[in-house]
Amino acid sequence: AQTVTQSQPEMSVQEAETVTLSCTYDTSESNYYLFWYKQPPSRQMILVIRQEAYKQQNATENRFSVNFQKAAKSFSLKISDSQLGDTAMYFCAFMTSSGANSKLTFGKGITLSVRP
Amino acid sequence: KAGVTQTPRYLIKTRGQQVTLSCSPISGHRSVSWYQQTPGQGLQFLFEYFSETQRNKGNFPGRFSGRQFSNSRSEMNVSTLELGDSALYLCASSLGSGLNQPQHFGDGTRLSIL
């Protein structure tokens, strides 16, 4: 079974600083996808970034980037120049490419607070 | 373009009853997936529908079922409700089939079981 672990339940960062959110996963599959989703308070969940396991290059979306370490099964999210709007719950998610048996597995989430 | 719409936003039921939740995807999106979010278990995948067919399924009992209509709108049904079914139920849509596609989420339906 696939598992996703986000060991830090909460983090806090000063506005304009950089913060890294950790995520590890466990799988025996070789081909899979990893995601970070953001759920702001009382707002819709949105996709932040996506990484395909076969791609060695780390995905980047503006201020958001990942550090994907396939051998270590680690997928951390780095937020640069943190903004107040980054305050949200962040979920790491994992999905195998097993056709009809695919399912999306989420970590427990981490609550990030950006301080002014 | 309108986002994913879930109805109702809030629902209160009692144990043993059944409930149907509705999800209208973004126009043009053909895949709809459902998730349950609780403080204890976190976010869990229920199932995904594409072109009126269930494509993927999570580890939930048969009391949880769904369907998708020809216009891509989807409904989720939970029968014989239990206290543990109290949760925020999220629906997401995507253009193509497969959970690797970027999911666009709705605001959710908050279900409370008394």
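Numbering of residues starts from 1 in every chain and runs along the sequence as written. To read the labels, note that chains go from A and ligands from 1, taken in the order they are written. In view of the model being predicted, local features appear only for residues whose pLDDT reaches at least 70, and side-chain atom pairs are presented and counted only at 80 or more, with totals across whole chains, interfaces and linings using the full set of residues. Side-chain calculation: all heavy atoms of the structure are included, whereas hydrogens and water are not.

A.B. asks: Explanation requested: the packing of aromatic side chains in the structure shown.
C.D. replies: What characterises a pair of aromatic rings is the spacing of the ring centres plus the angle enclosed by the ring planes. Side-chain rings of Phe, Tyr and Trp (the six-membered ring for Trp) are treated as a pair once their centres are within 6.5 Å; stacked means planes under 30 degrees apart, edge-to-face means over 60, and tilted covers the remaining angles. Inspection of the entire model under this criterion finds 14 aromatic pairs over all chains. With centroids separated by 6.1 Å and ring planes inclined at 55 degrees, the aromatic side chains of Tyr37(A) and Phe106(A) adopt a geometry described as tilted. With Tyr37(A) in strand S5 (residues 32-39) and Phe106(A) in strand S11 (residues 104-106), the pair connects residues that are 69 residues apart, well separated along the chain. The class of Phe106(A) is buried, set by a relative accessible area of 8%. Taken together, the aromatic side chains of Phe35(A), Tyr37(A), Phe91(A), Phe106(A), Tyr35(B), Phe45(B) and Phe105(B) make up a single cluster linked through ring pairs. Runs of H or I in DSSP of at least four residues are treated as helices and runs of E of at least two as strands, each being numbered from the N terminus. Relative accessibility thresholds used throughout: buried, under 20% of the residue-type maximum; exposed, over 50%; partly exposed, between the two (1.4 Å probe, protein chains only).

A.B. asks: Please explain the interface of chain A and chain B as it appears in this structure.
C.D. replies: By a frequent convention, interface size equals the accessible area lost on bringing the separate parts together. The contact criterion used is simple: two residues touch if any of their non-hydrogen atoms lie within 4.5 Å. With 18 residues of chain A at the contact, the number on the chain B side is 23 residues. By definition, the buried area sums, over both parts, the 1.4 Å-probe accessible area that each loses when the two are put together. Summing the contributions of chain A and of chain B, the shared interface buries around 1600 Å²; its carbon and sulfur component is 51%. It is Gln44(A), Met45(A) and Lys103(A) that lose the most area in chain A upon contact with chain B, and together they represent 29% of the buried surface on that side. We define a salt bridge as a contact between a side-chain nitrogen of Lys or Arg and a carboxyl oxygen of Asp or Glu at a distance within 4 Å. At the surface where chain A touches chain B, the tally comes to zero salt bridges. What qualifies as a polar contact is a pair of N or O atoms within 3.5 Å, subject to a donor-acceptor requirement within protein and to the restriction that residues adjacent in sequence count only when both atoms come from side chains. Scanning the region where chain A abuts chain B turns up five residue pairs in polar contact (both at pLDDT 80 or more). Sorting the residues of the side of chain A that touches chain B by element identifies S5, strand S6 (46-52), strand S10 (88-96) and S11 of chain A as the ones contributing at least two each. If you tally residues by element for the side of chain A that touches chain B, the top one is S5(A), at four residues. Looking at the side of chain A that touches chain B, its residues break down into ten nonpolar, five polar and three charged. Any residue that is not Ala, Val, Leu, Ile, Met, Phe, Trp, Tyr, Cys, Pro, Asp, Glu, Lys or Arg is counted as polar, Gly included; the first ten are nonpolar and the last four charged.

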